[in-house]
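# Examining the three-dimensional arrangement
Chain by chain, the residues run as shown.
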Number of protein chains: 2
Amino acid sequence: MSYTNHYVKFIKRPESRPTEDVFEMAQENISELKSGEFLLKNVYLSLDPAMVGRMREESNYADSVEVGGVMHCYGIGQVIESKNPKVSKGELRMGQLNMQEYTLSNNPEDSSKINVGLADPTWYLSVTGITGMTAYFAMRDICQPKSGETIVISAGASSVGMIAAQLAKKAGCRVVAIVSTDEKAEGLRGGGIYDDAVSYRNKDTDTLTADLTLACPGGVDMYFDNTSGDISEALLDLYNDYSRIAVIGRLGISHLPDTRKDVGRRDNNVILAKRISKQGMVLLDYKSQYPEAIIQLSGMVHRKEIRFEEDMMHGIEKMPTAFFRVLDGKNKGKQLVKVGDINSYDDPSPVKIGQSIRSKKWLNGFVVNALRSTRTVKSLLPMRA
Amino acid sequence: MSYTNHYVKFIKRPESRPTEDVFEMAQENISELKSGEFLLKNVYLSLDPAMVGRMREESNYADSVEVGGVMHCYGIGQVIESKNPKVSKGELRMGQLNMQEYTLSNNPEDSSKINVGLADPTWYLSVTGITGMTAYFAMRDICQPKSGETIVISAGASSVGMIAAQLAKKAGCRVVAIVSTDEKAEGLRGGGIYDDAVSYRNKDTDTLTADLTLACPGGVDMYFDNTSGDISEALLDLYNDYSRIAVIGRLGISHLPDTRKDVGRRDNNVILAKRISKQGMVLLDYKSQYPEAIIQLSGMVHRKEIRFEEDMMHGIEKMPTAFFRVLDGKNKGKQLVKVGDINSYDDPSPVKIGQSIRSKKWLNGFVVNALRSTRTVKSLLPMRA
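Residues numbered from 1 in each chain as written. Chains lettered and ligands numbered in written order. Predicted model: local features only at pLDDT ≥ 70, side-chain atom pairs only at ≥ 80, totals over all residues. Heavy atoms only, no water.

### What about the pattern of salt bridges?
Condition: Definition used for salt bridges: Asp or Glu carboxyl oxygen within 4 Å of a side-chain nitrogen of Lys or Arg. For helices the rule is a DSSP run of H or I covering at least 4 residues; for strands it is a run of E covering at least 2, with both sets numbered from the N terminus onward. Relative accessibility thresholds used throughout: buried, under 20% of the residue-type maximum; exposed, over 50%; partly exposed, between the two (1.4 Å probe, protein chains only).
Inspection of every chain in the model, using the stated rule, returns 50 salt bridges over all chains. For the salt bridge of A:D311 with A:R325, the shortest nitrogen-to-oxygen distance reads 2.7 Å. You can see A:D311 sitting in strand β15 (residues 310-314) and its partner A:R325 sitting in helix α9 (residues 319-327), a full 14 residues away along the chain. Judged by its relative accessible area of 11%, A:D311 is buried. Here B:R189 ties to B:D196 by a salt bridge, and the two come within 3.1 Å at their closest N and O atoms.

### Thoughts on unusual backbone geometry
At A:N98, a position not held by glycine, the phi torsion is positive, near 70°. Of note, the phi angle at A:Q144 is positive, near 45°, even though the residue is not glycine.

### Regarding the side chain of A:D267
The test is simple: Contact criterion: two residues are considered in contact whenever any of their non-hydrogen atoms come within 4.5 Å of each other.
Its location among the elements puts A:D267 in the loop between β13 (263-265) and α7 (268-273). For A:D267, a relative accessible area of 10% gives the class buried. Not counting residues within four places of it along the chain, the set of residues in contact with A:D267 comprises A:L236, A:K278, B:D267 and B:K278.

### Digging into the interface of chain A and chain B
The following threshold applies: Buried area is calculated as the accessible area (1.4 Å probe) missing from two parts once they are joined, with the contributions of both summed. Throughout this description, a polar contact denotes any pair of N or O atoms lying within 3.5 Å of each other; where both atoms belong to protein, one of them has to be capable of donating a hydrogen while the other can accept it, and for residues adjacent in sequence the pair is counted only when both atoms sit in side chains.
Contact with chain A, which involves 39 residues of that partner, is made by 39 residues of chain B. Across the chain A to chain B interface the summed buried area is about 3400 Å²; carbon plus sulfur atoms make up 47%. Across the contact surface, chain A and chain B share 10 salt bridges. In this structure, the connection of chain A to chain B is made through 28 residue pairs in polar contact (both at pLDDT 80 or more). Elements that contribute at least two residues to the side of chain A that touches chain B include exactly α6 (229-233), β12 (239-247), β13, α7 and β14 (277-280) of chain A.

### Considerations on the environment of B:M222
Residue and element names in this part refer to chain B. Relative to the helices and strands, M222 resides in strand β11 (residues 220-225). Under the relative-accessibility criterion, M222 is labelled buried at 0%. For the pair formed by M222 and D195, sequence separation is 27 residues and the distance between their alpha carbons is 15 Å. Discounting residues that sit within four places of it in the chain, M222 has contacts with C143, Q144, P145, E149, T150, I151, V152, C173 and R244.

### A look at the environment of B:G315
Residue and element names in this part refer to chain B. Mapped onto the fold, G315 is located in the loop between β15 (310-314) and α9 (319-327). Exposure remark for G315: the relative accessible area of 18% places this residue in the buried category. Placed 202 residues apart in sequence, G315 and K113 show a C-alpha to C-alpha distance of 23 Å. Setting aside residues up to four positions removed in sequence, G315 forms contacts with V337, K338 and V339.

### A word on the pairing of strand β8 (residues 150-154) of chain B
All names here are of chain B. Note the cut-off: Here, any two strands with at least 2 DSSP bridges between them count as paired.
In terms of burial, β8 is a largely internal element, 5 of the 5 residues being buried. Residues of β8 alternate between two faces, with T150, V152 and S154 on one and I151 and I153 on the opposite face, all of them buried. Relative to β11, β8 is paired through 3 bridges, and the arrangement is parallel. Within β11, the residue paired with I153 across the bridge is F224.

### Here's the deal with the packing of aromatic side chains
Each aromatic ring pair is characterised by the separation of its centres together with the angle its planes make. Filter applied, for reference: Only Phe, Tyr and Trp rings take part, Trp by its six-membered ring, and two of them pair if their centres are within 6.5 Å. Stacked means planes under 30 degrees apart, edge-to-face means over 60, and tilted covers everything else.
Tallied over the full model, the rule gives 14 aromatic pairs over all chains. Aromatic pair B:F23 and B:F323: ring centres 5.2 Å apart, planes at 90°, arrangement edge-to-face. You can see B:F23 sitting in strand β2 (residues 23-30) and its partner B:F323 sitting in helix α9, a full 300 residues away along the chain. Taken as a pair, B:F23 and B:F323 share a single burial class, namely buried. Ring pairs connect the aromatic residues A:F23, A:F323 and A:F324, which therefore count as one cluster.

### Here we look at the packing of helix α2 (residues 130-143) of chain A against helix α3 (residues 159-170) of chain A
Residue and element names in this part refer to chain A. Applied cut-off: Note on geometry: axes are C-alpha line fits, over the in-contact stretch for helices, and angles between N-to-C directions span 0 to 180 degrees. Just so you know how the angles are binned, under 35 degrees is roughly parallel, over 145 roughly antiparallel, 65 to 115 roughly perpendicular, and the rest oblique. Crossing handedness: left-handed means the near helix sits turned counterclockwise from the far one by under a right angle, and right-handed means the same turn made clockwise. In this count, Pro and Cys sit with the nonpolar residues alongside Ala, Val, Leu, Ile, Met, Phe, Trp and Tyr, while Asp, Glu, Lys and Arg are called charged and the others, Gly among them, polar.
One way to put it is that α2 packs onto α3 with a least axis distance of 8 Å and a crossing angle of 40°. As the angle between them shows, α2 and α3 are arranged oblique. Considering only the axes of α2 and α3, their crossing is right-handed. Contact residues: T131, G132, T134, A135, Y136 and M139 in α2; S159, V160, I163, A164, L167 and A168 in α3. Residues of the contact of α2 with α3, tallied by class, amount to 8 nonpolar, 4 polar and no charged.

### Here we look at the relation of the copies chain A and chain B
Where we set the bar: The superposition of copies rests on a least-squares fit of C-alpha positions from residues with pLDDT of 70 or more in both.
When chain A is brought onto chain B, the operation consists of a screw motion whose angular component is 180° and whose axial shift is 0.0 Å, with 0.0 Å RMSD remaining. Given the turn and translation reported, the copies of this chain are related as if by a two-fold rotation axis. With an isologous cut-off of 70% or more, the 100% of interface residues of chain A that recur at the interface of chain B puts this contact in the isologous class.

### Overview of the domain arrangement of chain A
How large an interface is tends to be reported as the accessible area lost when its parts come together. Residue and element names in this part refer to chain A. Worth spelling out the cut-off: What fixes the domain bounds is an automatic or database domain assignment.
Here chain A is partitioned into domain 1 (3-114 + 309-349) and domain 2 (130-284). Between the C-alpha centres of domain 1 and domain 2 there is a distance of 29 Å. On the side of domain 2, 15 residues touch domain 1, which itself brings 16 residues to the contact. For the pair domain 1 and domain 2, the summed buried area comes to about 1400 Å², and 52% of that belongs to carbon and sulfur atoms. Where domain 1 meets domain 2, there are 0 salt bridges. Across the contact surface, domain 1 and domain 2 share 4 residue pairs in polar contact (both at pLDDT 80 or more). Grouping the amino acids of the side of domain 1 that touches domain 2 by side-chain chemistry returns 5 nonpolar, 5 polar and 6 charged.

### Section: the state of the cysteines
For clarity, the cut-off: Our working definition of a disulfide is a cysteine sulfur pair at a distance within 2.5 Å.
One pass over the full model with this rule turns up 0 disulfides over all chains. The thiol sulfur of B:C216 is not disulfide-bonded, and the nearest other cysteine sulfur, from B:C173, lies at 12 Å.

### Concerning the nonpolar core
As a reminder, the rule being used: We define a nonpolar core as any set of buried Ala, Val, Leu, Ile, Met, Phe, Trp, Tyr and Cys residues linked to one another through side-chain atoms lying within 4.5 Å.
In this structure, A:F137, A:I151, A:Y194 and A:F224 are the most contacted members of the largest nonpolar core, which totals 56 residues. At 9 residues, α2(A) tops the list of elements feeding residues into this core. Those residues in contact with A:I151 that sit more than four places away from it in its chain are A:M139, A:C143, A:A168, A:R174, A:V175, A:V176, A:M222 and A:F224. By size, the runner-up hydrophobic cluster in this structure holds 55 residues, among which are B:A135, B:A168, B:M222 and B:L336.

Below is the structure:
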């Protein structure tokens, strides 16, 4: 069979903050699969701030997108044809599927089977996916929240920020957001998740520091840093001894043509005097622990301990618009684009096993410990590392 | 009895890098001790770069020295009179004794008894003291060297740098120093400790980066940062994934009137992309673990696994000169000043217990593990936390 694949082409590297002319809609035909290949019909595509980093040539933790190639993104798709013995028709898979309607692949390692019994398909791109798992591992390993401590979360209204905030709240912390506008800050204040919120737009660093000082009367013990840059500089004099900084994102320096041009006050003096630890975190390093995070986060959502929003657009041609919504912080919840439909009847995954693991009857702590030590159990699970 | 105490008075806060007029020699009389007080006759005083931080008013991990007061420093002294039941005449003690010939104290917690059976008295200020223990804990907990990795050590010829270098070498690492001058770099290259050395004076950041790139062909996995500032910025593009940065010192920004004026390229982008962890370290936080470090380091010196130098001056009036020698990096080894003599016959400490613990017959690993878990053993040991 032959398919027309509409896709978003990346046509030039941005000189500073990306503008709309970096993208162009394009199409191609996909016909006969070669031996070893399988074809995914994409269903949900995910928009993430980290995509800006991929537009740059400079060294990074992820590959840069090639000029003239399909723009990168993560997504969920369903296998509609397979000439690979390891991949079955009907499977739902998640991975770097890129901004397109169909993804042709010959490497099953590039994506992972998901189980919709454990979590809804879109969750694998939001609360149990990139954003939720990023929050989960950063809180577990870097921030290590303790009851009574204060955490500041920049890009606090982002989907990763909202989940990090709820995990910290669950641990008994005071949770303070940094967001772009007063309107956003006001919205978060009444939302029941954040204890306070501070806006940064049109404020110099000293003013932002003053506002944060009021919002954090006991100082700051943890910083979940989604932005870097001037916004993060505003926290430097607020840290308590032994604070932990998780460096997750760079939204606040995405306007720079070259991140080496991120100049400002350096933090070594504070890091030393306050014995702070600051650590960069990239989700890909946690692949072997994804199952633990998915089970834990899915359980929390089902028990209504954490909530999240998804901001869904429709159609592949909406991808550039959705991308700039994220860059401008206009999305309400995790930004997704639906580009196709799932054929539920074709999904061969053992949905009931997922549902059993999720159920309250399972001792989650036990399961999670088992996951850490055995490989057998992993084969039951959604995302194979 | 009455004593004339000559001391170094701190008379004004420096506006940028300290100059000689911040000090003045002075004297006072110490006569009758009150109940609870004890008097130390100081023997060895220690010069450390961290003293610059104490001259500033800004928040720090240690107290600032008061204008008009005795300038701070660490030292070893012998108790010559005691009206405190917890302190015996003749005891050798180490602590913040300050730049003076006699130290009057009413708090035994401010200093700790040392045992010269375990380590020579001056070692408690050098290889088993502040510098050696700083290197020991930073390597053990932050750098965590693995065989085949590369470490860069700034202020590489400093006493802490030299010990850190040898601990890394013992772990099988390539060890590269950053020092001020070509002459110093040349000296270190032939010294058998460093694999290579690079000078920074009169070099812009790009040139220093280029020189470091040549000295670290496999990139950098650890940075023992004694300087901060521009020198540290030169390493930013050399880090490998998962590098560890121990922030130990600020010699490279000691010329700044206010460390908030330390501006330059910020490191968040590199910290994130390379998943680096950077951590500030202050020795005082390790008090309860000093005995472990002293036994381990003393053993290494006795087994000739590490070597160190001491640069000794004589007389309290040499303290300012010695201070600027350290600031200018002119000292050859740990800078000390001898201001008195020990009366060995008066020392009541159980020297033989120290010698037994040090001897090869003891299973050091066992002792160290025991130290970690029991308080009884600690009472035999030199520095009580």
